[in-house]
Structures are given as structure tokens and as C-alpha cells.
Amino acid sequence: MKQHPKLPVIAIIGVDGSGKSTLCNELMVWLKDQYPTRLCHLGRQTGGIARTIARLPFVGKKIDHNIANKTNKARMNKGPNGFVACVMFLLSLKRVYRFCKMLQLEKQGFLILTDRYPQTSVIGGLDGPDMTVDHPKSNIARYLTRLERRLYHWMTDHQPDLVIRLNVDIETAMRRKPDHRLSSITKKIESIQQLTFKDAPILDLNSHQYPIGQIVQQAKDAISKTIEKSLNN
């Protein structure tokens, strides 16, 4: 397969239920026929674990509720204790690892399509740093918080060439993802419009208002222009 230099990084962002997976799959079929392309998931992929726990008979919902409460408490007041901070930091490292693999593929000449993308414009928001307290009480947590922020700023220094943001309303998102927590979906929808990726252009698409075919075509048009600009630089 012929390698094409200077192929762009295209980021698809959106909350659960916005249609990211469907759009990524459609775009991959289209792109792979033209360019060496790789799809990279840049999330931590821990949501599936939580939903599996919640589906456990009798005690699942209670355990999931307790975990969510502890996580929320760790993001407030005095911040997490040392142990919780270590767990949160290790989960963030999963994203850093995936990001490094993506950079390697980019250097090899692949066009990169990403499902999610790290950001620092909303701390604790969608795909942002997880430890939200700036100066936690625990020394370990304070150190790991600073380190996590540095890692996220390093990742966001590698800005994508195009961001496609899929917007969706709460009703549509919950209808598509009924096993997700309403509070989590609501928070993500509230924060996604605040996300920025330095100077990367953002294409906003309302996935709850238009059929998937129209969304896919608009995404293809924007990607084609981005590829053309990248190859001509």
C-alpha cells in the first residue's frame, strides 16, 4: 500500500449516544479505500466496566451507585486520597498509552481517525483530566494531579487537523444509551460545547436533527477539504 505523507488527524468527539461509533465506522469504510487509515480510540474505556457492574443481579446498581458517589467525592472538596489518586492516575495513563500509539501511526504515514480526543479546556469534563481539585490535601494526590495535567497539556499540544463534534439532546442520548447514567450524560452534554482544541477547526453536527446519511456526507465533505489542505502543505 502506498504511503501518503502529511495525512491529517481527524477527531470525532461527542457524548455517549451521539453517534460517534456509527460515524467512525462509516468514515473508515470510505477512507480505507483511498488512504492508509487507522481508527484510534482515545478514551479510557472504563464505562463498560461500570455498566457491567450495574447489571449484576440484586447488588449491581447499589455497587455502581457507591462507586459513582466515591468518584464524585474525589473530584470535590479536598480531592482524592493517595490510593484513589493512584487509581485515577493509572486510568489516565491508559489514555496516554493509546495517544502514544496514535502518534506512532501518524509518523508512519497513516491518516488517523480518532474516537474521542483529550482536552484541557474543561477539567473533569469529557476526556479531560480526571483529578479536578487543583490543590488536594494528600501530597501524593497533589503530585499526581500536577503530573496528570502536564500529560494532558502534552497531548493537547498535538492538536488534530479537524474536530467533528456530534451534538445530541439528552432525550435522544438516553434513548440510544438507556443503560447509561442520566447524570453522567447530562454533565457531558453541558460540557461538550465548551471544549476547544487550541486552533483546530471544529465542525458542529447535530446528530439528533438530521439523518445519519446527511451527517456522514457533511463529515466527508469537511474531511476531503482537510486532506487536500494537508497534502498541499
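Conventions and cut-offs
- Residues numbered from 1 in each chain as written.
- Predicted model: local features only at pLDDT ≥ 70, side-chain atom pairs only at ≥ 80, totals over all residues.
- Heavy atoms only, no water.
- Core = buried A, V, L, I, M, F, W, Y, C linked by side-chain atoms within 4.5 Å.
- Buried < 20%, exposed > 50% of the residue type's maximum accessible area, 1.4 Å probe, protein only.
- Helix = DSSP H or I, 4+ residues; strand = E, 2+ residues; numbered from the N terminus.
- Contact = heavy atoms within 4.5 Å.
- Phe/Tyr/Trp six-rings, centres within 6.5 Å; stacked < 30°, edge-to-face > 60°.

An unreviewed UniProt entry lists the chain under the name Nucleoside triphosphate hydrolase, with Commensalibacter oyaizuii as the source organism.

Enquirer: Before we go on, may I ask you to explain the nonpolar core in this structure?
Expert: A general feature of soluble globular proteins is that nonpolar side chains tend to end up buried together. Residues Ile13, Phe99, Met102, Tyr117, Leu195 and Phe197 are the most contacted members of the largest nonpolar core, which totals 27 residues. Those elements that provide at least two residues to this core are strand 1 (9–14), helix 4 (82–107), helix 5 (139–157), helix 6 (170–176) and helix 7 (182–192). Ranked by residue count, the leading element in this core is helix 4, at four residues. Setting aside residues no more than four positions away along its own chain, Phe197 makes contact with Ile13, Tyr117, Pro118, Gln119, Gln159, Pro160, Val163 and Ile202. Ranked by size, the runner-up nonpolar core spans 22 residues in total, among them Leu31, Leu162, Ile223 and Ile227.

Enquirer: Mind showing me how you'd approach the packing of aromatic side chains here?
Expert: Ring pairs (aromatic) are described by centroid distance and by the angle formed between their planes. For the coordinates displayed, the defined rule picks out three aromatic pairs. Relative to Trp154, the ring of Phe99 lies with its centre 5.8 Å away and its plane at 70°, an arrangement referred to as edge-to-face. Here Phe99, found in helix 4, pairs with Trp154, found in helix 5; they are 55 residues apart in sequence, far enough to count as distant. We classify Phe99 as buried; its relative accessible area is 0%. Judged by its relative accessible area of 33%, Trp154 falls in the partly exposed class. On the basis of an interplanar angle of 80° and a centroid distance of 6.1 Å, the ring pair of Tyr117 and Phe197 is categorised as edge-to-face. Placement of the pair is Tyr117 in the loop between strand 3 (111–115) and helix 5 and Phe197 in the loop between helix 7 and strand 5 (202–206), with a sequence separation of 80 residues. An aromatic cluster is built from Phe99, Tyr117, Trp154 and Phe197, whose rings are joined through pairwise contacts.

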